[in-house]
Structures are given as C-alpha cells and as structure tokens.
Amino acid sequence: MNEETIAALATPPGQSGVAVVRISGERTQAILKHLVRQVPRKWQARRFYYRELVDINELIDKGLVVFFPGPASYTGEDMAEFHVHGNPFLVQTLLTAIIREERVRMARPGEFSFRAYMNGKMDLMSAEALSQLISAGSDTAYRLSLNAMSGGVAQLAGDLRSALLDLSAWVETSIEFAEDQHLEIESQLGFLETAQKKIELLLGKSAFYDRLGQGVRIIIAGPANVGKSSLFNALLGDDRAIVSEYPGTTRDILKERFYLHHVAVELLDTAGINPHSSDQIEREGVERGLAALKDASALLFVVDVSQKPQGWEFDFLSRFQSGPKVLLLNKSDLNVGDDSHSWKQIPQELQGISLSVKSGQGLQEVRAVLEKWSQQFKPSTEDLMISLRQRELLELISQGLKRISDGLKNGEMMELIAEEYRSINDHLSALTGAVTSDDVLQRIFSSFCIGK
Amino acid sequence: MKEKIIVVGAGHAGIEAACAASRLGAEVMLITLQLESIGQMSCNPSIGGIAKGHLVREIDAFGGVMPLAADATGIHFLTLNRSKGPAVRAGRCQNDKGDYRNFMFRYLEKQKNLTLYQGMVSDIVCQGQKITAIKTENGETFNADAVILCGGTFMGGVIHVGASHYSAGRANEIADTCLSKVLQNLGVSLKRFKTGTPMRLHRGSIDWSQFIPQPGDEPPQPFSQRTRRVLKNRIICHMGRTPESLRQIVLDHLDLSALYSGRIDGIGPRYCPSIEDKFVKFTSRTSHHFYLEPEGVKCAEVYVNGLSTSLPVWVQRKMLSVITGLENAVMMRPAYAIEYDAIDARQLDHSLRLKGINGLYCAGQLNGSSGYEEAAAQGLLAGVNAVLALRGEEPLIVKRHQGYMGVMVDDLVRQGVDEPYRLFTSRAEYRLSLREDNAHERLSEMAYSLGLLTASEYKEIDVRLRRRQRMLVALGKMRVDWQGNWVHAAQLLRRPEVNWQVLKGLDGEGILCEEQLDESDIAYLEANCKYEGYIRIQNQRLEQMNHLLRTQIPKDLDYKIVPGLSVEMVHRLTIHKPETFAQASNMAGVTPAALNALRAFLQRLDRLKK
C-alpha cells in the first residue's frame, strides 16, 4: 500500500489566491527533479524555493516549492508541496504532470492523514476523525463506472474495453491452442496501435475536463460585428475574472478564454452564417457552429439589436440544447427604429437581456447570470478525483500497452505479455466495471474456433 | 480399525480415488458397472495437453496412477508449445487404449487393501447426516464409512446419434439409472450436461499419404518421475483439413443434428464444439483441421479428432466421402453425443465433500468437469480427503497458487459451472509459477507428509531440487561474453532471444554441463530466470495476503476503537469474535470496507509492536 507515491490538492478546489498541491512517498525527489526548473544542488529541508514548474519543457507556473524529507514530515515519508496560483486549470495541469510519473497516483480522500497514522505520526483520537473521511470517500469517490463519465468518454472507454478483450483473447488463444491458430503479430500490433490512439483521444479530450467543472465552458457566440469581443473584454476587465494565459501549457488552450471562479468563458466566432441561404458554405457554417457548441455547458448568444434578425438566429438558438442559454441584445444604446421589434419576438422560454457594452447598461445583469451559472456548475472534490483517477488509469493502461507492443516486436514470451494484459484488465475493471477471466474466455470462444 | 471406503465408478476419477485411499491404509472397494471397462478412455486416446499436462504432473507429485499409466502405454509423445515459455509448455501423449485399460486393471489388482466388484449402486444409506452403507441392484448391502461418487457420464446417460437415442453411459455400455434419484433424495440438485465424441475409422482404409504427418518428440519426455523405462514413439499422427463441400453437407443437414434439432437439452462445452457447432458459429471459416489418431499400435481404430457430431450416421458417411484420403474409409464406430446428469458443484466444499452429509464425496465428470486429467485430479483429492476426514485430520486443499488442482476445485465449488469445465492456463492467476517443471517442488512435501509418497520417492525429488538450486547459484555467478560485454548468465537468460542452448554455446568453461540436467530441469532454470521479475511481484503480493490472513486479532479487542467500522460491523465482529483476520474475512455479512478498516488497524498494531 505504501509503495506508491500519492498526490493531491491540499486546498479547496475552485478559484483562490494560492493552491497547494502536496505529494508524499518515495518518488518525491524524482518528481521534484522532473517538475522543477533549476533544481537546487541540494534541497534544503523545509525551505521555500521560488521556482518555475514545468511539464517536460512547457511552463506550468512559477511558484513556491518546499521539500520535507521523511520521517520529519506530516506523513513520515518524503513529502513536497507546490504553492501555485489558485487557478483550477493550472492545478489540473500540475497534478496531471505529477501522476504521469511511474508509481505515482492520486491520493484517496484522507490518505495523507492515513499514512500519517500508519507511520505512527498520529494517534487514535485523530484517526477517528479521519475514519469518517475514509468511509465516506470509499463508495462515492470510486464510482468510476461508465455512468460517471460524460457520454463521449464512456463510449470510447467501452470501445477500448472491447478492443482490449480481443487482444487479451488473442494472446490467450495463442497460448492454449498453439497449433490451430495462425496468428500474425502484424495485425495485433495494428490493433494495439488503434487502442493506443483511442486512449490518446480519451486523454486529450476536453470532455475529461468537463467533469472537473473547470472545463465547464460558457460560450459567447454570435454573428460578426455584434460586439462579442467588446463584451468579452468588458467582462475581462472585471477584477474578479482571472486570465488564463499560460503560454504553451497544453494544446487545448484557446486564446480567448478567461476564468470566472472555476468556470471557463470562451469566445466563439460564428461569423456571417445564414442557414436559409442557398449557399452551401453558409449552411455548413451553421453546422460547424453548432458542432463547436456541442461541448459547451451554457451559451451567451450576442446579437446586434440595431440590425434586423436574419432569421437563422432563433433556429440556431433553439438547437442549442446542451444547457442554459441567454440572448444578449447588444448595442441597445443605438437608436433603433422598427427593426427592434423583430428582436422582441423572442420565444417565451428564452431569457433576453438588453445590453450595451459601450454604455455599460446590462453588464451587471450579465455578470449575475455568469455568477449564477458558475454556482450551478460547481465541481465537487469527487468529480475532480474521479476524472484524475480515470486519467491515471488510462495512463497506466497506455504504459502497459506500450510494453506489450515492444514485447511483441522483441519476441517476448506470450505468457509475459499475457501478464501485462492481466494488469491492464485490472485497470480496466476499475474504469469500466469488472473484467473477469471468463469474459476473456468468452471472447476466445466467440472469435476463435477451437479444435482439440 | 481400518476405514471402509467405497468408490463408485472405475473411470479416471474412481481409480485415483481408490488408489489414494488405499495407499493411506484404508480398506477400499471399487464398484463398477463393468469390470472390462476399467480405465476406459471414452473419447480422445490421449493424456495431457495444455493445462491438462500440468495436472498430470501434479497428480504425479501426489503419487497418483495416471502418469504411470500414461508413460507405460504411451505410443506418441509431444511437448506442446515447445517454442514458447516454460510456463505454457505441456506434455501430451497418445496412448494405446487397450494397454491403458490393462495397465489400470493390473495395477488395481496388485493394490493392497483394494477390492474390485461389479455391480450397480441402487441406494446410499445414511443415519442422520452420516453415511453408513450402499445398496446394490442385486440386493446386497455394503457397509461404508465414506462413499466417493465417480459416476462420470453414466448418471442418466443418453446417447444421441441423429434422430436415434438410447440409454447408455458410454457407447454400448449401460447407463446408471439409480444414482441420480438417490442424490436427489438426499437433497442434491442436478444439472444436465452434454459432450460428444467423433467417429472411429479403420486404419487400413485410410490413404495416409494425403495427410500431414506429425511425429513425436525425440526423445519422448515422461510424465512421471517414477518412470524408469526409456520411452519410444511407436506411431505417427496425421493432420488434415475439411474441404468446402463438407461444410455444405453439414449445413444442409443441420436439422437432422440432435444438437440443433433441440432434442438435446444438455449444455455442451464451448471449447469442444461439434463440427456443426463450428460451422454454424464461425461462419467465416469454411474449413477446419482434424487429426487422425490411432487408438493403439496394433489397434485398427483411428480416432478422428475434430469431427465430433450428432448428425445421423449416413450424413457422417457422406462427410467422409468428400475428404481426400478418406473416401474409402471404413467407419468402425459412428460419432455421437451424450447427455448426462451432473451435480452442481457448489454443493461441495473444497475437500469435495457434499455439504450437509458426512462421508459423501464427488469427483470427476459428474461434478461438471470434462477431461480425464481433471477427473483424475479430483479423484485423488476426494480419496485422500475421505480418509483424512475419518481420521479427524485437516483436509488436503490445494490452493490456487499451489497448483492447477487448486484452481480447478476452487472454480468448481465456488463459482459452479454452466457448461462442462475444462482447465485452461488462463484460469490460473499464478500461471507463471504453476509449471510442469516445478509441480514436485510445489506439492511433494504436502504429499510426503500425508504418506502418499515413499521416503525414497521423496528423497529423489529432493536430490533433483538440490541439483537445480546448485545450478541456479552457478548461473548467478557465471559470466559470459555477450556481444562484447561480460554479463551474468542469469541476466542473459532473461532475454526472450536467449535460451539454454544459446547459453551453452557461450559457456566456454563447461559450467552448464557440470550437473546432469534433463529437459524438466532446464525448463525450471529458464523459467526462474525469465519470469523472475513477475514472479517476485506475485510472491510479494501472496506473502502480504498470507501474512494478513494469519494476523491474530487480540482476544479482548474492543471493536469500537477500530476506526472506520460502522456500528453494525462492530456489533457483528463483537458477537462472532474471529480469532484471525482470515476468519473475519470468511464471516458472512462483513463488508470489504470493514475488512479494510480492520486490516489497517491490525497493521498499525503490528507496527507498534515493532
């Protein structure tokens, strides 16, 4: 149990000035070596170092790092803490980089204290208190079933499970029924590569971040020249918003994005589209626009109230079903004639806000909506844990698959490759539900014809 | 007073049960429906195979008969998966069926404390929960302290060939019509299973030149450590493929197959499908392999492995006519399917005793397993345990990490089966450690302490083990020149491309030749090097688990102080007062979370003590 090094966010999730990520275990020093740029020649215990934290060569943040050599630490093991900006996305990136290390994983609720207790650093009385944490955490935090994942992720995970079952079955068949099967390694390598790609998809997919809550995306969309950028900047200028400009942190970062509490607000251009146009390109534009909105949790649709609606806007709005939406009628400061009446024909269920970014009118209301939504989409520690845990399992599976690929290429023995598959199946069980040896047998028999 | 044991059925399970019990000093009566068919191989004339060969070695480690018989009557020996790693290599031999039966009969005749008797058991007599006697159909009563049922496929056996069917336990042998009822009266629930066997052809009518020869190993490897004679391959087996037209014939007449016409209710094994199963399920394959295996050296019958079916005989003949080389083949026996009663093995405990009754054991195919080796292994365990129970001793239970026997029994009694159970290596979590080359190392100490091995047999095993240890040490110290670098031999052997032969080639000083090593020793040494990392991790986990299970729980522990236990768990544990963690984990109603909390607490206590 104590073989793996654990990591966790020690401060409450969400926006704050500082976030503290702590790690405990024998891999602490290795993690420090990989994550800290300009590692000091000798880490002085309990001294704060102001350093850049990097993920390979990409900068995550610049913050404070402190090292606690065991046994003089909270848990009794080697520990370290990273004090970074309290931005959830940043924390996510940091934790991801940490658990990518070998034999490092996310901590279970209360696990630091648990280790402290196990290493004799804490007495029974304190342990009683933590027992609540342990038992409360066990059922819910490990709801890593398909239901806990967002739809797209669940689908991919299901496909992965199926592919890996096939691969397991192939290896087992080659062991049990040597003579009957003509088994080509090439095709297996091909399947492995496909499985790897699926995992990469899962790992890279922003759908993961959806579950975190940080990835909750509120999109500001609308036709060209309606004042989206101005609105964006106006909201940005608000000193409660935090900019997320971390050069090169991950490939997913959009330039026009900011965080309000833990919610990401993004700018999306749906310029000049007209679904009723006979122009195919324009129609495609609408579809693309809707596709881009697919992963959005909520929509602020901005229009220029001084212009006549072109007709496609309400249709577009009605097709957005992923979450709450508000119509912002911008440029209300401009004198409008009868055209404005057309905008007043908005459907009942759609909330409309009269806005003028220029004059500031309505901005307060918009902020209130954002505030309300950010409360609604608040992530729980649970969600954070589940997603990171899922990610961790996928990383482990990916590493295992790589070992299998290499093994097959180097002529490694089938039974050792089978052992790797067994570990992978264990991880898969945690991710998608139990995989038993009977499942593998079932797959063997359904896809292979057995002779003797 | 010697214990009186009655073994019902003299098939592979019955023979091992009877011999094991009599070796332990009990007085055994082996009762069978037909003395002439003792040790009959119903189906494949062969012993061993992947996972099955492993069982045979384990049976040998316990001093059983099957390995001796296999070696004595083997006519073709092959090591399967030879090019693969040591854990998955397995021995398989073809046997002369007649010789095998004769060997078994003579062996049983010579066995002390063992009587053979022909008859059908019509009732099992109990007094309260304890077995006291059996009754036979001809009105006799035999007292017994324990009864071991090894009825095989005979209970309620019905044979199907196409549309015709008749009561039989095996082709042309009467079925047992009493035992099923007897068991049901005792409260045992039964299932109905099926299996099949292919046709037999006359050797002289086959054009052997049309098939691919499969010679045996040179030299052949014995199954038993006790085998002294030099083994010889006396026949060659042959392989063929079914033509496209055969597939058509099968599909055209599917409605005539007993399996597909719904006349058979029994559930058959997935992995041993009839030829109609194969074509129906695997629609992409238009052709299948089959093997022609002579049933003896002088015997005229040839077993056609792979063409099991319940299609009518005339369809079988049609199939033969389209196979090149078999156009003129003369059928000596048609293929058939057989349905039979089996018990739900979950009614047995790990010693193979029927729960709720003292002294009634079940072993072999009637437990839902399939295969001679599976049956023999169970028979041996049941025979030993029947005696041990009467002596008030702990039963012989092989754990999952100790042998395939353990994997099989645990699978059968804990999970039960929906179809005939056959062993595969993939069922074993500890596959890397459960090998043919180390069966004796794993089990012979257990066997010796029970009295199943003689002192000299045990000594021989010990000598071999020491020899292997010495060589392992030598490998650890020895260095060879590998592509310009000096590396440890043990390290080098770990590489997939390096095996013993390669290593020998690099051994300038002849260190590897210092000991007399046979194939099994070499496999052992290779395995120890190649699997070392994985086995170490498995052993660690195992050790942790064992240590945990052994952990004593303090007698006066107030469960209220254990963090993480719910009120209900505290209550349960306080009432039952388990003495060890193992006991706690076996208690009904204790949740995994509670066990976890208890484990953590006990580990903490353990640490404090240190």
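Residues numbered from 1 in each chain as written. Chains lettered and ligands numbered in written order. Predicted model: local features only at pLDDT ≥ 70, side-chain atom pairs only at ≥ 80, totals over all residues. Heavy atoms only, no water.

A. Unusual backbone geometry, seen in detail. Here G70 of chain A and P71 of chain A are connected by a cis peptide whose omega angle stands at -5°. Along the chain, P71 of chain A falls in the loop between strand 4 (58-68) and strand 5 (79-86). Here the amide bond leading from E218 of chain B into P219 of chain B is cis, since omega sits at -5°, within 30 degrees of zero. The phi angle at A51 of chain B is positive, at roughly 75°, despite the residue not being glycine. The residue N81 of chain B is not glycine, and still its phi comes out positive at about 60°. Mapped onto the elements, N81 of chain B comes out in the loop between strand 4 (74-80) and strand 5 (90-95). Look at N81 of chain B and you get buried, because its relative accessible area is 6%. (Helix = DSSP H or I, 4+ residues; strand = E, 2+ residues; numbered from the N terminus. Buried < 20%, exposed > 50% of the residue type's maximum accessible area, 1.4 Å probe, protein only.)

B. Here's a closer look at the sheet that holds strand 3 (residues 46-48) of chain B. Residues and elements named next belong to chain B. If you trace the three strands from one edge of the open sheet to the other, you get 3-5-4, paired in antiparallel fashion. With one partner strand each, in any of the chains shown, strand 3 and strand 4 form the two edges of the open sheet. Neighbour-to-neighbour, the strand axes of the sheet open up by a mean angle of 20°, direction not taken into account. Sheet topology places strand 4 next to strand 5; six bridges connect them, and they run antiparallel. Counted as the bridge partner of H76 is Q94 from strand 5. (Pairing = 2+ DSSP bridges. Axes fitted to C-alpha atoms, helices over the stretch in contact; angles between N-to-C directions.)

C. Local environment of the sheet that holds strand 6 (residues 104-106) of chain A. Residue and element names in this part refer to chain A. Overall, mixed pairing links the six strands, which are arranged 3-4-5-2-1-6 in an open sheet. Of all the strands in the sheet, the pair left with one neighbour each is strand 3 (48-55) and strand 6. On average, each strand axis in the sheet is inclined to that of its neighbour by 30°, with strand direction left out of account. With eight bridges joining them, strand 3 and strand 4 adopt antiparallel strand pairing. The residue bridging V54 from the neighbouring strand is L59, located in strand 4. Set on the sheet, helix 2 (residues 88-99) makes contact with strand 1 (5-9), strand 2 (16-24), strand 3, strand 4, strand 5 and strand 6; between it and strand 5 the angle comes to about 150°. (Contact = heavy atoms within 4.5 Å.)

D. Expanded view of helix 8 (residues 313-321) of chain B. Regarding helix 8 of chain B, the residues found buried are V315, Q316, M319 and L320 of chain B. On an axial view of helix 8 of chain B, the arc spanned by its buried residues comes to 145°, and they lie on one face. (Arc of directions from axis to C-beta.)

E. Broad picture of helix 9 (residues 372-390) of chain B. Residues and elements named next belong to chain B. For helix 9, built from 19 residues, the straight-helix expectation of 27 Å at 1.5 Å per residue is met to within 8% by its first-to-last C-alpha distance of 27 Å. Within helix 9, 17 of the 19 residues are buried, leaving the element largely enclosed by the surrounding structure. One or two positions beyond helix 9, positive phi appears at G392, with a value near 75°. (Expected span 1.5 Å × (residues − 1).)

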